[in-house]
Amino acid sequence: MMSLAPRIAACCMALLLVLLAPRAQAGAYEAELPANLATASDLCALLPCADAFPGAVRFSERKGQPPYVEAYGDGGKLLGYVMLSTDITDTPAYSGKPVVTLIGMDAQGRFVGIKVLKHSEPILLLGIPESALTNFNNQYLGKSVTDTIEVGPSRPDENVIGVDAISGATVTVVAQNQVVMASGSAVARQTGIIAPTVREAARFAHTSQAYSWAQLVQMGAVQQLLVKSEQVGLPRGPEPFIELWFGDLNHPDVGQSLLGKNGFENLRSRLKDGENALFVIKTAGQESFKGSGFVRGGIFDRVQVKQGADSFTFRDLDALNLYGLEAAGAPGYNESAIFIIRSQAFSAAYPWKFAFLGNRVDRATGHRSFAVFESKYWLPAALLDGGRPEVKEPDAPWVRIWTSQALPIALFALLLVGVTVVYALRERLTRRSTHKNKWPVNAFKYSFWAISIGWIGFGQMAQPSITQVLTWCHALLFQWTWSLFLSDPFIFLFWIFIIATVFLFGRGLFCGWMCPFGSLQEGIYKVARVLGLKRFQTQLPQKWHDRLKWAKYAVFFGLLAVSMFSMGLAEKLAEVEPFKTTFLVGVLNRAWPYGLFVAAILGVSIFIERPYCKYICPLGASLAMPSTFRWFGLKRKQDCNSCKACAVGCGAQAIDANGRIDHRECLHCLDCMVLYTDTKGCPPLAKERKRREKDGLEVTPIGANGYFIPIHPATVGDQISAKAAQGPDPRMPTAQAQPAHKADVHGLRWIWAELVDHLWPWSREGWASRRALHIAGFSLGVAASVAWVMAALGTLSSGAIIGWWFGWSVYEVLIRLSGKRYVKDGPWWHGRYRVAGVMDMLSYVGFKNLLIGAALFLAIKAVVGLA
């Protein structure tokens, strides 16, 4: 018969299907685009260009580089231009994929239409209506490409025009702002709407020195652009997709070193004043940088030069033959060219980028997307008269976000520091409290709840979510991008706080004090009690609680497993969280099942304390696992194993029959800490106090061990009851354990024993009890090692690697439970061990292997990069 916890998890998933139903047909989410979209000359035969440029009756074929389309009205009048964002930039949004957008701009540079064709943002399918992105894009209509437009408030004194963000999708709209402005600017410069930037011409320091190829590479006068096969979705192999070398031919010393004196003078004779030249050679790879479709009179559509916001493309008349390189040690090549930049906007004194443009193939779907691979170039300072000019790069978008919201971000950071400091001083507060007067603690706790609900939740909409945990796991394993996380300052700071406090104190400080939705549940429960509903408030029987609490772990592991194969589906299923509906979007802005789900949870919260936190929350489950290894726990005394006072009053029901606190479930209300030193509320202390008062003895203060400081040192243990003294130690979550091989081990031997403990799961004890399991494990270990090697060679996908790693982790849990059934308690550098339960071992192995897996992925990438 199915146990209750899986039933609850199944019910949650069934509810999700109901929640997903109203949005199952979202238009642009992962929409199918024409297969030849990237190469078709008649763009508007494939896409609805009229939606991006209302009023246009005819559209040209693609022109320019990057390409755009001209829009014409009645009588053949040029009205403006239409551009496809992925022809110009592949800026990724939160999903890691670009939002494919069709953009219309009139002949004066004003945006007249923006249509999203395809996106991969699940939050815009479920958490936030897709119409929100349409409304965001509509803010650009009528604004000019020459304006400075940023996400956030306007700053008239700095000539900055602000556009309102989409609450809960900050990263998405920051990326979309870059896409719209970069696309518009690229076309506006080509069409003369934006005047080219004027840069001071280079003044060269000429020494007539001849350089070898190695010297030119070492000094940076020649640069490499390497594109590997796996970067474009092809199987990894010994040969790259393309390897290019390029460099400046304007400097006399560099030019003569590369072309020889006669070759350089011949080149200079063919250049007009203000024109610049560079060389490109292909030394490896099957791809061509000239392109198989190049024809006389056409353009080189695979290469371009970028300097600042300017892009420079090349036609057939801008290319000269490169007959040979004279520099000693120059490599062989099978394709070459000299390109001439004729624009006066270019200056060899300033940094520029050489870009190779191509298509990336999604190996899972076969879909092709635009990709740009760039390599930066700047002439060495020693080759420029007066050195390199000062160049001020524009701030990254995330930097502008932090700058524009500096005050609220600073206040939020101070709040998080304040909460941490208050909690770190919890013992001083609890000693000033009693079970009848908890205000020294509650004054802080209730204030933080109110701030969390009002300012953090509804104000800043900074509610952490399980989707962020999944994103962090994927980023840790595959590709870490700081800018992705820094784009949302409040969530970024919140996660620093969460990670630090979870390992210091456990999940309870965030979940019990600072989580907006958790605080909202608790607030409703407390208000209902004040309003006279206390007699209807109850707790589930402990045996049912102990079963139901596992449901949230089933939800979390389910989401994690799904995310490894489909992050989009995992984010849809993450609607089991009511956070988006409550804070980010609003109940009234969503379909009725979402609002009903939130109302049900908050309604039950009137009668049961924090039901969602206890039984459903996957975010709480993800934080509970590392809480297994928190450094500092709540205090217990020996008598807690027989006294039930704390357990009866524990709203989280996190104290078992032996007085032990389960720190994975504890929400840190601190009621047990108040009783710990309350001489009238704690039964053992009350009994000892009454005895001393009756006998006329001194009532001494409460010591660190939770008992009265002894009047005579010899009577230290007299206050502990005989029954409690014979019972288990409630200060340890499980019984104490001491691995024999770690007894009295120090220094290097201790470090070696630690490495063996973490990396070698087998043991003599396990071999004696589970020999077959051990033998099978060696085979699995060999297979997993082979899988990692195959991944390094590019013959095994990341999904397969994750599957192998997951299987190995499950095996490791089983093998450790049969032999090395212990985990550390408290700081890792201490030697305090305890017997591991199943969840203890799952938490330990899961967290350890996540870190090891991330390290292996990084090591593989580093080795492949060097190769």
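Only a predicted model underlies this, so the values are computations on that prediction, with no experimental measurement involved.

Regarding the overall build of the protein chain
Thinking step 1. For the protein chain, the count of helices and strands is 31 helices and 19 strands.
Thinking step 2. A total of 867 residues make up the protein chain; the buried ones form 51% of that total.
Thinking step 3. Restricting the contact set of the protein chain to residue pairs at least 6 apart, pairs at least 24 apart contribute 69%.
Thinking step 4. Taken as a whole, the protein chain presents about 39,300 Å² of accessible surface, with 60% of it coming from carbon and sulfur.

A word on unusual backbone geometry
Thinking step 1. For methionine 461, which is not glycine, the phi torsion reads 55° and is therefore positive.
Thinking step 2. Its location among the elements puts methionine 461 in the loop between helix H10 (439-459) and helix H11 (466-477).
Thinking step 3. Despite not being glycine, glutamine 653 has its phi angle at roughly 55°, a positive value.
Thinking step 4. The topology assignment puts glutamine 653 in the loop between helix H23 (645-649) and helix H24 (671-676).
Thinking step 5. On the basis of relative accessible area, glutamine 653 is assigned to the buried category, the value being 5%.

Here we look at helix H6 (residues 252-269)
The periodicity of an α-helix, 3.6 residues per turn, causes residues three or four places apart in sequence to face the same way.
Thinking step 1. Between its terminal C-alpha atoms H6 stretches only 13 Å, short of the 26 Å expected from 18 residues at 1.5 Å a residue.
Thinking step 2. The largest bend in H6 is about 115°, located at glycine 260.
Thinking step 3. For H6, the full list of buried residues reads Pro252, Asp253, Val254, Gly255, Ser257, Leu258, Leu259, Gly260, Phe264 and Leu267.
Thinking step 4. Lining the buried residues of H6 we find helix H5 (213-219), strand E8 (222-227), strand E9 (242-248), strand E10 (276-284), strand E13 (319-320) and strand E14 (335-341).

Here's the deal with the state of the cysteines
Thinking step 1. All chains considered together, the criterion is met by one disulfide.
Thinking step 2. In this model, cysteine 44 is linked to cysteine 49 through a disulfide, with the two sulfur atoms separated by 2.1 Å. Disulfide cysteine 44-cysteine 49: torsion about the S-S bond near -90°, hence left-handed.
Thinking step 3. Overall, the relative accessible area of 2% leaves cysteine 49 in the buried class.
Thinking step 4. Free of any disulfide, cysteine 613 has its nearest neighbouring cysteine sulfur in cysteine 515, separated by 6.0 Å.
Thinking step 5. Unpaired in terms of disulfides, cysteine 682 finds its nearest cysteine sulfur in cysteine 643, a separation of 5.7 Å.
Thinking step 6. Among the residues examined, cysteine 682 registers a relative accessible area of 8% and is labelled buried.

Regarding a nonpolar patch on the surface
Thinking step 1. A cluster of nonpolar side chains, contributed by Leu748, Ile751, Trp752, Leu755 and Leu759, occupies part of the molecular surface with about 590 Å² of accessible area.
Thinking step 2. As for its position among the elements, leucine 748 is in helix H27 (residues 747-759).
Thinking step 3. The exposure class of leucine 748 is exposed, given its relative accessible area of 73%.

Remarks on the sheet that holds E8
Thinking step 1. In space, the five strands of this open sheet follow the order E8-E9-E10-E14-E13, with antiparallel pairing throughout. Single-partner strands in this sheet number two, and they are E8 and E13.
Thinking step 2. Note: E13 against E14, two bridges, orientation antiparallel. Among the inter-strand pairings, alanine 319 is bridged to a residue of E14, identified as phenylalanine 339.

Some details on the nonpolar core
Thinking step 1. By size, the foremost hydrophobic cluster in this structure holds 83 residues, and its most contacted members are Phe494, Phe497, Phe510, Met514 and Phe517.
Thinking step 2. For this core, the element with the highest residue contribution is helix H13 (residues 489-505), accounting for 10 residues.
Thinking step 3. The residues contacting phenylalanine 494, other than those within four sequence positions of it, are Phe412, Leu416, Ile456, Ala462, Pro464, Phe510 and Met514.
Thinking step 4. Listed in part, the 53 residues of the second largest apolar core include Leu225, Val232, Val254 and Tyr350.

Regarding the pairing of strand E11 (residues 299-307)
Thinking step 1. Note: E11 against strand E12 (residues 310-315), five bridges, orientation antiparallel. In the strand pairing of E12, valine 305 is matched with phenylalanine 312.
Thinking step 2. Between E11 and E12, which pair antiparallel one after the other, the connecting turn spans two residues, and glycine 308 there sits at a positive phi close to 60°.

Let's talk about the sheet that holds strand E18 (residues 822-824)
Thinking step 1. Strand order in the open sheet formed by three strands is E17-E19-E18, and the pairing between neighbours is antiparallel. In the strand order of this sheet, the two ends are held by strand E17 (736-737) and E18, each with one partner.
Thinking step 2. Note that E18 and strand E19 (residues 833-835) share three bridges and pair antiparallel. Bridging from a neighbouring strand, valine 823 pairs with arginine 834 of E19.

Some words on the confidence of the model for the protein chain
Atom-level detail of predicted coordinates should not be read off regions where pLDDT is low.
Thinking step 1. In this model, the protein chain carries a mean pLDDT of 85, and residues with pLDDT of at least 70 account for 89%.
Thinking step 2. Low pLDDT (under 50) marks residues 17-26, which in the prediction has 21 contacts with non-local residues, meaning those over four places away or in another chain.

As for the environment of cysteine 669
Thinking step 1. Mapping cysteine 669 onto the fold places it in the loop between H23 and H24.
Thinking step 2. Cysteine 669 sits in the partly exposed class, given a relative accessible area of 26%.
Thinking step 3. For cysteine 669 and alanine 652, which are 17 residues apart along the polypeptide, the C-alpha to C-alpha distance reads 8.5 Å.
Thinking step 4. For cysteine 669, the residues in contact, after removing those within four places along its chain, are Val441 and Lys445.

Remarks on the pattern of salt bridges
Thinking step 1. Throughout the structure, instances matching the rule amount to 38 salt bridges.
Thinking step 2. Arginine 689 is paired through a salt bridge with glutamate 693; the nearest N and O atoms lie 3.2 Å apart. Taken together, the positions of arginine 689 and glutamate 693, both in helix H25 (residues 683-695) and four residues apart, correspond to about one turn of that helix.
Thinking step 3. Note on arginine 689: relative accessible area 13%, which makes it buried.
Thinking step 4. Linked through salt bridges whose partners overlap, the residues forming this network are Asp546, Lys549, Arg630, Asp662, Arg664, Asp825, Arg832, Arg834 and Asp840.

Remarks on helix H8 (residues 406-424)
Thinking step 1. Between the first and last C-alpha of H8 there are 27 Å, a value that for 19 residues agrees with the 27 Å anticipated at 1.5 Å per step.
Thinking step 2. Listing the buried residues of H8 in full gives Ile409, Phe412, Leu415, Leu416, Val419, Val422 and Tyr423. One side of H8 holds all its buried residues, which, seen down the axis, span an arc of 155°. In H8, the exposed residues that point more than 90 degrees away from the buried face are Leu407 and Leu414.

Focus: the side chain of aspartate 248
Thinking step 1. Looking at the secondary structure, you find aspartate 248 in strand E9.
Thinking step 2. Within the buried set, aspartate 248 has no salt-bridge partner at all; the shortest N-O distance to an opposite charge, 7.7 Å, is to arginine 268.
Thinking step 3. There is a polar contact of 2.6 Å between the side chain of aspartate 248 and the side chain of asparagine 250.
Thinking step 4. Leave out the neighbours within four places in its chain, and aspartate 248 touches Ala221, Val254, Leu258, Ala277, Ala348, Tyr377 and Leu379.

Description of the packing of aromatic side chains
Thinking step 1. By the definition in use, this model includes 41 aromatic pairs.
Thinking step 2. Taken together, a centroid distance of 6.2 Å and an interplanar angle of 75° make the contact between phenylalanine 289 and phenylalanine 339 edge-to-face. Taken together, the positions of phenylalanine 289 in the loop between E10 and E11 and phenylalanine 339 in strand E14 put the pair 50 residues apart, joining distant regions of the chain.
Thinking step 3. You can call phenylalanine 289 buried: its relative accessible area is 0%.
Thinking step 4. Overall, phenylalanine 339 belongs to the buried group, its relative accessible area being 0%.
Thinking step 5. Consider the rings of phenylalanine 448 and tryptophan 513, whose centres lie 6.1 Å apart with planes at 35°: the pair is tilted. In this pair, phenylalanine 448 is assigned in helix H10 and tryptophan 513 in helix H14 (residues 508-514), connecting sequence segments 65 residues apart.
Thinking step 6. What makes tryptophan 513 buried here is its relative accessible area of 1%.
Thinking step 7. Taken together, Phe246, Phe312, Phe346, Trp352, Phe354 and Tyr377 form an aromatic cluster joined through their ring pairs.

Analysis parameters
The residue numbering used here restarts from 1 in each chain and proceeds along that chain's sequence as written. For a predicted model such as this one, the threshold for reporting local features is a pLDDT of at least 70, and the threshold for listing and counting side-chain atom pairs is 80 or more; totals across whole chains, interfaces and linings nevertheless cover every residue. The side-chain figures draw on all heavy atoms in the structure; neither hydrogens nor water molecules are used. What counts as a helix is a DSSP run of H or I of at least four residues, what counts as a strand is a run of E of at least two, and both are numbered from the N terminus. Throughout this description, buried means an accessible area under 20% of the type-specific maximum (1.4 Å probe, protein chains only), exposed means over 50%, and partly exposed covers the range between. Contacts are residue-level and defined by heavy atoms, with any inter-residue pair within 4.5 Å sufficient. What sets the accessible areas is the Shrake-Rupley method with a 1.4 Å probe; for residues, cover comes only from the shown protein chains. Multiply 1.5 Å by the residue count of a helix minus one, and that product is the helix's expected span. By definition, a residue's bend is the angle between the axes fitted to the seven residues ending there and the seven starting there. Disulfides are defined as cysteine sulfur pairs within 2.5 Å. To count toward a patch, a residue needs a relative accessible area over 30% and no salt bridge; like charges are then connected within 9 Å, while nonpolar side chains (Val, Leu, Ile, Met, Phe, Trp, Tyr) are connected within 5 Å. Within this document, salt bridges are pairs made up of a side-chain nitrogen of Lys or Arg and a carboxyl oxygen of Asp or Glu, the two lying within 4 Å of each other. Pairing between strands is defined by DSSP: at least two bridges between the two strands are required. By nonpolar core we mean a set of buried residues, namely Ala, Val, Leu, Ile, Met, Phe, Trp, Tyr and Cys, connected to one another through side-chain atoms within 4.5 Å. Looking at any residue, its pLDDT shows the predictor's confidence there, from 0 to 100. Working definition: the arc comes from the directions between the helix axis and the C-beta atoms, pointing outward to the latter. Think of it this way: Lys and Arg go in the positive column, Asp and Glu in the negative one, and His and the chain ends go nowhere. Think of a polar contact as two N or O atoms within 3.5 Å of one another; within protein, one of them needs to be a possible hydrogen donor and the other a possible acceptor, and neighboring residues in sequence only count if both atoms come from side chains. Pairing of aromatic rings covers Phe, Tyr and Trp, the last counted by its six-membered ring, and requires centre-to-centre distances within 6.5 Å; plane angles under 30 degrees mean stacked, over 60 mean edge-to-face, and any other angle means tilted.

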